[in-house]
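Observations on the model geometry
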Amino acid sequence: MENRQPLTPALRSPEDTDVTTWELPEGAISRLGQGVLLGVEYSSDGRYLTVATKIGFWIYDTATMIPRALWGTERGMFNVATFSHDMRWIATGDQDGIVKIWDTQNGQCITKIDWGSTRNLNSLLHLHFSSDGQYLATSGFGHSAVYTWRTNTDTPIMSCTVEDAEIKDYRRGYYGDSCFPVSFSPVGNQLAYATAIDTITISDVDTGEQIAHFTGHDAPVHSAIFSPCGRYLATVTLDNEVQVWDIHNESLVMMPTTYEGDRLRLAYTSDGVIRIANIYENEVQIWDVPQQEKLDTFDSPGTTKTAARFSTDGTQFAIANTRGDLQLWKAESPSTVALFPEYKSAAYSVIFSQDSKTLVSSHLGTTGKVFWDIASWETRRVLPPLTERNVLRRGMALSPCEELLVVDTNDANIEVWHIPSETLVAELTEHESKGITLTFSPTGKYFVSGGWADEAYVWDVKSWEKRHSLTAQTGRVEDIAFHPDGQLFITSARGSRGGTARLWNVETGEQVALLPLPDTLEDVTRYRGVPEEIERAMNGGRSQWKLHQHIQSIVFSPCGTLIAGGLGTMIVGGLTNEIRLWDTATLETRMIILPSQGTIRPRPWALTFSPCGRYLVSGAWWCRGLDKVPIRIWEVATGENIHTFWAHASDVQDVAFSPDGTLLASGSFDGTILLWDMKPFIGS
């Protein structure tokens, strides 16, 4: 290999630190959070760290840990971003099964490779450049391939499918360990790759010659790395056993060593010493393997199923925990572990404060509910406090007085937190199933919770005692909405025989009416959409659609005269996903809006009315064929789509207007919240 100084990527200035405005989609004014973190990789010299996320991939300077670039936001959904040895190229692998090669001198994507899929498992989980940069090895579950990427991207020069691989064999491991290892030697173009779940083969890519087979593993192998001299290969299995092999004579040079943690990461130091990161649920241990010496231990809450990687020489280690924090360990200062809390899990709900100065977002896991300052785009507080060990789910409700925050936990309990004092004031244990929908009445007198097992309850907020059990409720409660007068509320549920929506009286707990969900309307004038969509909706898949239809989200208009629901099906060939508007007084269907994007029909499953009531905003779920998910603005009177934002890389989970109507917030499964300026579209 030619010995030359690695190139320096063309990055942003170190003074350009406002990442909330980097690479925003058209119409957005800010991004809160840096996305769901999926993978971390160091450059060969350890100067840079790539962080692959659902919104794109970030490049950090490891000396300062200042973000220097965000690339690939046109689609995002990256699992991995890997530098070539000379740092001229970055290869990325995404959840669509596409490899992209980026020129680090200008940040442009120069090559795309359709990696293909095995058994519909498209995700690329591992990439590795050969030392001369000529070859690129790729792998995911059950499949690996090698490309001469600069001359031929249509057909791999090597391909290996492990026929007996079963995903159940990998359930014990982290998702990123469900890939078969691919690793190039630093000397020559020898490649180590899996030919069976317990077998690693080494071949010379230039000649196609198979050099060695290593079969003495008792569990699936998920990692393999060469020593700096290229003579030895270290492997790790899902049962945390480390083995070191001599490639020349295909023999073990170190007795197999098993570690007690949940998973392992390993590296060779520059002088050929194996270093291990032994990862437990809430801590990481760094080990010198030959000496069996523990070099360091640091806390890392909920790290069992998160991304982790050593630098090439084993002197740096990066790991993400389930709170969304990125932690960095360096051998030169082992007592100090840097913490970067910008990464978040999926944003399931967003709520503005009444003065439009604060936004609260709900995140799955131990991230907590985040209170954002709208003026500075910074975090004000996180509830429950991060010292708590609660595992939270997606549910969240803010009381009208804005002093109480209600959340649901992984053990199906509901916690009530007093926001000013950050104290737990009540715990509701009535629900038997986790996954709970939570809503306060507009007056703040009542609170309604709905679960996944035919459970729905009305609570008295003053005493936190249960007032009513909604016994007529059937199916998993998807959404709850109150009428503005606080007397009526509606629940939407999904059961085994289709969905239902029911109106209730909050004082008595009695069902007032069952919202009609007819298959089709005879009156074609009540449909809005292109003629092809209307014809399809009126003539297609009645019985199949009826069985699986449900309302994912439901809202009242600000004046209370209309109910809007986002309907859809989970089946192929069912009716078009749609938005329905009902008259609250008569429950008559006023209008059916049929969002369309050609043959792509994303589900419009997040809804909110503008404060003036003239507009309805829908956020969709991602479906194959989309690079970005649409957020659409509809004029309620006409059903016209007056504007579309091409927004997030993955499902839009929630949308909310600020009370003054000037801002729209969208929370997404990609782990970010986007803020949109609404004044050009609906006025101030």
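Provided above is the structure to which this section pertains.
Quantities reported herein were computed from a predicted structural model and do not represent experimental measurements. All chains use their own residue numbering, which begins from 1 and follows the written sequence. Under the rules for a predicted model, residues below a pLDDT of 70 receive no local features and side-chain atom pairs below 80 are neither given nor counted, while totals for whole chains, interfaces and linings still include all residues. Working from all heavy atoms in the structure, the side-chain values ignore hydrogens and water.

Only runs of H or I of at least four residues qualify as helices and only runs of E of at least two qualify as strands under DSSP, and these elements are numbered from the N terminus. When its secondary structure is counted, the protein chain shows three helices and 57 strands. For the radius of gyration, the atoms used are the C-alpha atoms, and the globule rule reads 2.2 Å times the number of residues raised to 0.38. The globule rule puts the C-alpha radius of gyration for 684 residues at 26 Å, and the 27 Å found for the protein chain is close to it. Structurally, the protein chain occupies a C-alpha span of about 80 × 55 × 50 Å along its principal axes. Counting only contacts in the protein chain whose residues sit at least 6 apart along the sequence, the fraction spanning at least 24 positions is 46%. We get accessible surface area from the Shrake-Rupley algorithm with a probe of 1.4 Å; when it comes to residues, only the shown protein chains can shield them. For the protein chain, the exposed area adds up to about 26,300 Å²; of that, 47% sits on carbon and sulfur atoms. In this tally, Lys and Arg are treated as positive and Asp and Glu as negative; His is ignored, and so are the chain termini. Throughout, a charge is located at the NZ atom of Lys, the CZ atom of Arg, the CG atom of Asp or the CD atom of Glu. Each charge sign in the protein chain was given a centre, from 55 positive and 83 negative side chains, and these centres are 5 Å apart. We call two residues in contact whenever any of their non-hydrogen atoms come within 4.5 Å of each other.

A word on the sheet that holds strand β18 (residues 221-226). A pair of strands is considered paired only if DSSP assigns at least 2 bridges between the two. A sheet is described by the order of its strands in space; here four strands give the open sequence β18-β19-β20-β21, paired in antiparallel fashion. In the strand order of this sheet, the two ends are held by β18 and β21 (251-258), each with one partner. This sheet shows a mean twist of 15 degrees between the axes of neighbouring strands, independent of strand direction. Comment: axis = line fitted to C-alpha atoms, over the contacting stretch for helices; angle = value between 0 and 180 degrees taken between N-to-C directions.

Once that is clear, we can look at the pairing of strand β33 (residues 378-383). The pairing of strand β32 (residues 369-373) with β33 spans five bridges and is classified as antiparallel. Considered in β33, the bridge of Phe371 is made with Arg381. Between the antiparallel neighbours β32 and β33 lie four residues, among them Trp377 with a positive phi of about 65 degrees.

Here we come to the pattern of salt bridges. Here a salt bridge means any side-chain nitrogen of Lys or Arg lying within 4 Å of a carboxyl oxygen belonging to Asp or Glu. Per the stated rule, a full pass over the model turns up 20 salt bridges. Across the pair Arg309 and Glu41 runs a salt bridge, and its minimum N-O distance is 3.3 Å. Here Glu41 lies in strand β2 (residues 37-42) and Arg309 lies in strand β26 (residues 308-310), a separation of 268 residues in the sequence. Take Glu41: its relative accessible area is 11%, and that puts it in the buried class. Shared partners join several salt bridges into a network, and the residues in it are Arg12, Asp16 and Glu23. Burial classes follow relative accessibility: with a 1.4 Å probe on protein chains only, a residue under 20% of its type's maximum area counts as buried, one over 50% as exposed, and anything between as partly exposed.

In space, the four strands of this open sheet follow the order β22-β23-β24-β25, with antiparallel pairing throughout. The open sheet has two edge strands with one neighbour each: β22 (263-268) and β25 (293-299). Strand-to-strand twist in this sheet, taken as the mean axis angle between neighbours without regard to direction, amounts to 20 degrees. As paired strands, strand β24 (residues 283-288) and β25 are joined by six bridges and run antiparallel to one another. In the strand pairing of β25, Glu283 is matched with Asp299.

Looking at the secondary structure, you find Ser650 in the loop between β54 (640-646) and β55 (652-657). Relative accessible area serves as the criterion here: at 7%, Ser650 is assigned to the buried category. Among residues more than four places away in sequence, those in contact with Ser650 are Met77, Trp622, Val629, Ser668, Phe669 and Asp670.

Here we come to the nonpolar core. Residue types Ala, Val, Leu, Ile, Met, Phe, Trp, Tyr and Cys, when buried and joined through side-chain atoms within 4.5 Å, form a set referred to as a nonpolar core. Judged by nonpolar contacts, the single largest core of 19 residues is most densely connected at Leu37, Val40, Leu49, Val51, Trp58, Leu326 and Leu328. Looking at this core element by element, the count peaks at three residues for β2. When near neighbours in sequence (up to four residues on either side) are disregarded, Val40 contacts Leu49, Thr50, Val51, Ala307, Ala308, Arg309, Ala318 and Leu326. Ala28, Val655, Met678 and Ile682 belong to the second-largest nonpolar core, a separate cluster that totals 18 residues.

Buried residues dominate β24, accounting for five of its six residues. Bridge count between strand β23 (residues 274-279) and β24: five bridges; the pairing is antiparallel. Residue Asn278 lies in a different strand from β24, and its bridge partner there is Gln285. The loop that links β23 with its antiparallel partner β24 comprises three residues. Count of turn residues in the β24/β25 antiparallel hairpin: four residues, of which Gln292 carries a positive phi of about 50 degrees.

Keep in mind that these numbers describe shape and distance, not what the molecule does.
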